Amino acid sequence: MSSSEYSKLIYSKQIIRSPNNFKIYKNKDMSDSENNLTTSNSQILYDQSTTIKLSKIVVIGAGYVGLSNAILLAQAHLNTQVMLFDIDQIKINQLQQNQSPLQDSEICDYLANRQLNLQASSQTQIDGQGIYEKSDLVIIATPTNYDVASGQFDTSSVEASISAVRAQNSQVPIVIKSTIPIGFTDSMRQQFDTQILFMPEFLREGQALYDNLHPSRIIVGATESQQVLAQALMRLYQQASESKDAPTLMMPPTEAEAVKLFANSYLATRIAFFNELDSFAEKHQLNSQAIITGVGLDPRIGQHYNNPSFGYGGYCLPKDTQQLQANYAGIPANLIHAVVDANNTRKRFIARQIIDKNPSQVGIYRLSMKKDADNFRDSAVLDVIQTLKQHGMSITIYEPALVEDTFEGCQVINDLQQFKQSNDLIVANRWHTELEDVSDKVYSRDVFGYS
Ligand SMILES: NC(=O)c1ccc[n+]([C@@H]2O[C@H](COP(=O)([O-])OP(=O)(O)OC[C@H]3O[C@@H](n4cnc5c(N)ncnc54)[C@H](O)[C@@H]3O)[C@@H](O)[C@H]2O)c1
C-alpha cells in the first residue's frame, strides 16, 4: 500500500473535504489508537516499516516566532531536543540564563519554571559542530522585512538559512515559519529540493507562546508527495499544544502562504474600517463607541477587534498587506491598496486632529501599539510623531522601554509625573488608568479602553 493510500485509510473518517490536496483533520482523531499509530516521542509510524522521526529539531531565529516555537516543541513530554540558533549574541546570552529577551509572560514562565529540552546557541558556538547534519527537522523563523525598493519582502535571511542547512544536510525537512511572498516555497523547492514546507504562523506578539499552546489552527503547506511528513508535523504540533481541538489543515504551500497574507490583510482591513468609522464620528462629534457597538451587534460583524486606534502597525500588518499588494500584480483589484491608503490617511487624520488643538507642548504616552507592551516596531504613533515634527511641534515621549534620553529627536521623559506636568496635551494610542489624574489633557481614540 502506498503511503498516501495508507494515510487516506487512517484519516478517512476525519476528512471533511478533500479537493486538490486540501484536508481538514480533527485533532482528537490524530491519536486514535484503533489506527495503530505510535503517538509518543514525536515518532510517527506511517506504515509497518518506516518511521519519520522528528526528535532533533533546530530552530533558526530566536524572535517571537522562533522562540515560541522552540519552547513549544521543547516541552519535556515530547521527548525532543531543540536547538535554538540566532545571530544575536545578546539574545542567546539571555536565553542561556533562562531569561526571555521578549516581554511575554508564558515565555518567561516556561523558561524559568518548566522542564524544557532546549539549548540556545549563537553562530560562534555552532560553527563546525554540524548541528544541521544531526537534525531531523529544521524550522526557519528569520525576518522577512518589507523592502521598499523592490516592493516585496526581503527573503534573504530565509534563503541564507536554507543554504546553510543544505550545506550540511541534503535530506532534513525544512519548515519555513517566516511569512513569505505567495509562491516562495515553490521557488525554493525548485532552487533547492522538495523537502521544504511552509507552516504559517498566527501568533500575536506579547502572547506568542500562549497562541502556540492554544493555536487557532495548525496549517501545513505541503505537496501531495509530502503528505506523510505533513501528518508527522501536524501530530507534533498537536501533541505540543494544550488545546486538543485546534482545526488542522493540510494544503499546498502556495495556498498556505496565501492564507497567511490574506488573514493579516483581513485584520488590517477590519482595523482600517473601524478607524475610518471613528474618523467620521470624531469629525461629526458623534459617539464612536455607540456606533461601533450598534454595528457590531449584528452577529455577522461581532463585538471584537473593533477598538479604534491611530492606525494598524507592528511588525506584520504593514508589511504583509504591502506584500499581498505586490502579489496582486497584473490582477485587477482595489481593496488591499485601499486598506494601505486608508491606514496612511488615518495616521495623517490623527496628526491633524492633534495639530488643530494647537498645543504648545505635546507628550506622547507610550510608543507601543498595545497596552502594557514594550515593543513598538512600526507602531502607528511613530508616523504621527513624524507628521507633528514636520509641523514644528515640540514633543516629549514617555516610554519606559526606552533607555535613551532622546528618541527621533524628541526628549524622553520617563518620570511619569514630570511628563504629565511638562505637556499640555497628552497623546495616548491606548488609555491607561495611570492617566486618570490628567484625563482632561489626554487625546486618545481608545473608545473601549476608557473605564
Ligand atoms: N512577530 C509576529 O507577530 C509574527 C507573527 C507571524 C509571523 N511572523 C513572521 O515570522 C518571521 C519572524 O518574525 P519575528 O517577529 O519572530 O522576528 P524577530 O525580529 O522578532 O526575530 C527574528 C530573529 O531572527 C534572527 N536572525 C536574523 N537573521 C538570522 C540568520 N540569518 N540566522 C539566524 N538568526 C537570524 C534575529 O537576530 C532575530 O532574533 C517574519 O517573517 C515575520 O513576518 C511574525
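Everything quoted here is computed from the prediction, not taken from an experiment. (Residues numbered from 1 in each chain as written. Predicted model: local features only at pLDDT ≥ 70, side-chain atom pairs only at ≥ 80, totals over all residues.)

## Topic: the overall build of the protein
(1) Moving on: The secondary structure content of the protein amounts to 15 helices and 19 strands.
(2) Moving on: Per-residue burial for the protein yields a buried fraction of 43% across its 451 residues.
(3) Moving on: Nonlocal contacts in the protein, meaning residues at least 24 apart in sequence, comprise 69% of its contacts between residues at least 6 apart. (Helix = DSSP H or I, 4+ residues; strand = E, 2+ residues; numbered from the N terminus. Buried ≥ 20, exposed ≤ 12 C-beta atoms within 10 Å, placed from the backbone. Contact = placed C-beta atoms within 7 Å.)

## With respect to the environment of S55
(1) Moving on: With respect to the helices and strands, S55 occurs in the loop between β3 (51-53) and β4 (56-60).
(2) Moving on: C-beta crowding within 10 Å serves as the criterion here: with 17 such atoms nearby, S55 is assigned to the partly exposed category.
(3) Moving on: Separated by 25 residues in the primary sequence, S55 and T80 have C-alpha atoms spaced 4.4 Å apart.

## A word on the sheet that holds strand β19 (residues 442-443)
Pairing between the strands of a sheet comes from backbone hydrogen bonds, and it takes one of two forms, parallel or antiparallel.
(1) Moving on: On the basis of which strands lie adjacent, the open sheet formed by 6 strands has the order β16-β17-β15-β14-β18-β19 and mixed pairing. Sheet topology places β16 (406-407) and β19 at the edges, where each strand pairs with a single neighbour.
(2) Moving on: Pairing between strand β15 (residues 395-398) and strand β17 (residues 410-412): 2 bridges, direction parallel. What sits directly across from I397, in β17, is V412. (Pairing = 2+ DSSP bridges.)

## A closer look at helix α12 (residues 317-327)
(1) Moving on: For α12, the buried fraction is high: 8 of the 11 residues fall into the buried class.
(2) Moving on: Buried residues of α12: L317, P318, K319, D320, T321, Q322, Q323 and L324, and no others.
(3) Moving on: Looking at the packing, one finds that the buried side of α12 touches β8 (146-147), β9 (152-153), α10 (253-283) and α13 (335-356).

## Some words on the pairing of strand β7 (residues 137-140)
(1) Moving on: Every second residue of β7 is oriented toward a common face, with L137 and I139 on one face and V138 and I140 on the other, all of them buried.
(2) Moving on: With 4 bridges joining them, β4 and β7 adopt parallel strand pairing. Bridge pairing in β7 places I57 opposite L137.

## Details of the site of the ligand
(1) Moving on: In the neighbourhood of the ligand, 26 residues make up the surrounding shell, with G61, G63, V65, S178 and T179 lying closest.
(2) Moving on: Those elements that provide at least two residues to the shell around the ligand are α2 (64-73), β5 (81-86) and α6 (156-168).
(3) Moving on: In terms of residue class, the shell around the ligand is built from 12 nonpolar, 9 polar and 5 charged. (Near = placed C-beta within 6 Å. Nonpolar A, V, L, I, M, F, W, Y, C, P; charged D, E, K, R; others polar.)

## Considering the environment of L249
(1) Moving on: Among the secondary structure elements, L249 is positioned in strand β13 (residues 248-251).
(2) Moving on: A sequence separation of 28 residues divides L249 from G221, and the C-alpha atoms of the two residues are 8.4 Å apart.

## Brief notes about the nonpolar core
(1) Moving on: V59, L84 and L233 are the most contacted members of the largest nonpolar core, which totals 67 residues.
(2) Moving on: Counting residues per element, this core draws most heavily on helix α9 (residues 227-240), which supplies 8 residues.
(3) Moving on: In this view, V59 contacts G66, N69, A70, V82, L84, F85, I139 and A141; residues no more than four positions away in its chain are not counted.
(4) Moving on: With 40 residues, the next largest nonpolar core counts I292, F310, V362 and F376 among its residues. (Core = buried A, V, L, I, M, F, W, Y, C linked by C-beta atoms within 7 Å.)

## Topic: unusual backbone geometry
Leaving glycine aside, a negative phi is the common case for residues, and trans is the common case for peptide bonds.
(1) Moving on: Its identity is not glycine, yet N79 carries a phi of approximately 55°, on the positive side.
(2) Moving on: Of note in this structure, N358 is not a glycine but carries a positive phi near 55°.
(3) Moving on: For N358, the position within the fold is in the loop between α13 and β14 (362-365).
(4) Moving on: N358 gets classed as exposed once you count the C-beta atoms within 10 Å, which come to 9.

## Topic: the pairing of strand β18 (residues 425-428)
(1) Moving on: Judged from the 4 bridges that link them, β14 and β18 form a sheet pairing that is parallel. In the strand pairing of β18, G363 is matched with I426.

## Thoughts on the packing of α10 against helix α11 (residues 288-296)
(1) Moving on: Following both chains from N to C, one finds α10 and α11 inclined at 140°, their axes separated by 9 Å at the closest point. Relative to α11, α10 is oriented oblique. You can see that α10 and α11 cross each other, and the crossing is right-handed. Along its contact with α10, which presents F274, L277, D278, A281 and E282, the element α11 presents S288, I291 and I292.
(2) Moving on: Considered class by class, the residues forming the contact of α10 with α11 number 5 nonpolar, 1 polar and 2 charged. (Axes fitted to C-alpha atoms, helices over the stretch in contact; angles between N-to-C directions. Parallel < 35°, antiparallel > 145°, perpendicular 65-115°, else oblique. Left-handed = near helix turned anticlockwise from the far one by under 90°.)

## Observations concerning the packing of α10 against α12
(1) Moving on: Packing of α10 against α12 leaves a shortest axis separation of 9 Å and a crossing angle of 120°. Taken together, α10 and α12 sit at an angle that is classed as oblique. Classified by chirality, the crossing of α12 by α10 is left-handed. On α12, the residues touching L261, F262, N264, S265, L267 and A268 of α10 are L317, D320, T321, Q323, L324 and N327.

## Concerning α9
Residues three or four positions apart in an α-helix share a direction because the helix packs 3.6 residues into each turn.
(1) Moving on: An ideal rise of 1.5 Å per residue puts 20 Å on 14 residues; α9 measures up with 20 Å between its terminal C-alpha atoms.
(2) Moving on: For α9, the tally of buried residues reaches 13 of 14 residues, placing the bulk of the element in the interior. (Expected span 1.5 Å × (residues − 1).)

## Looking at the environment of D374
(1) Moving on: Residue position: D374 is located in the loop between β14 and α14 (380-390).
(2) Moving on: We classify D374 as partly exposed; it has 17 C-beta atoms within 10 Å.
(3) Moving on: Measuring from C-alpha to C-alpha, the distance between D374 and A401 comes to 5.6 Å, with 27 residues separating the pair along the chain.
(4) Moving on: Here D374 is in contact with Q103, S368 and A401, once residues within four sequence places are set aside.

## Side note on the confidence of the model for the protein
(1) Moving on: Per-residue confidence for the protein averages 90 on the pLDDT scale, and 89% of its residues sit at or above 70.
(2) Moving on: Note that residues 1-18 has pLDDT below 50 and, in this model, 24 contacts with residues that lie over four places away or in other chains.
(3) Moving on: Contacts for the low-pLDDT stretch residues 31-49, under 50 throughout, to residues beyond four places or in other chains number 33 contacts. (pLDDT = per-residue confidence, 0-100.)

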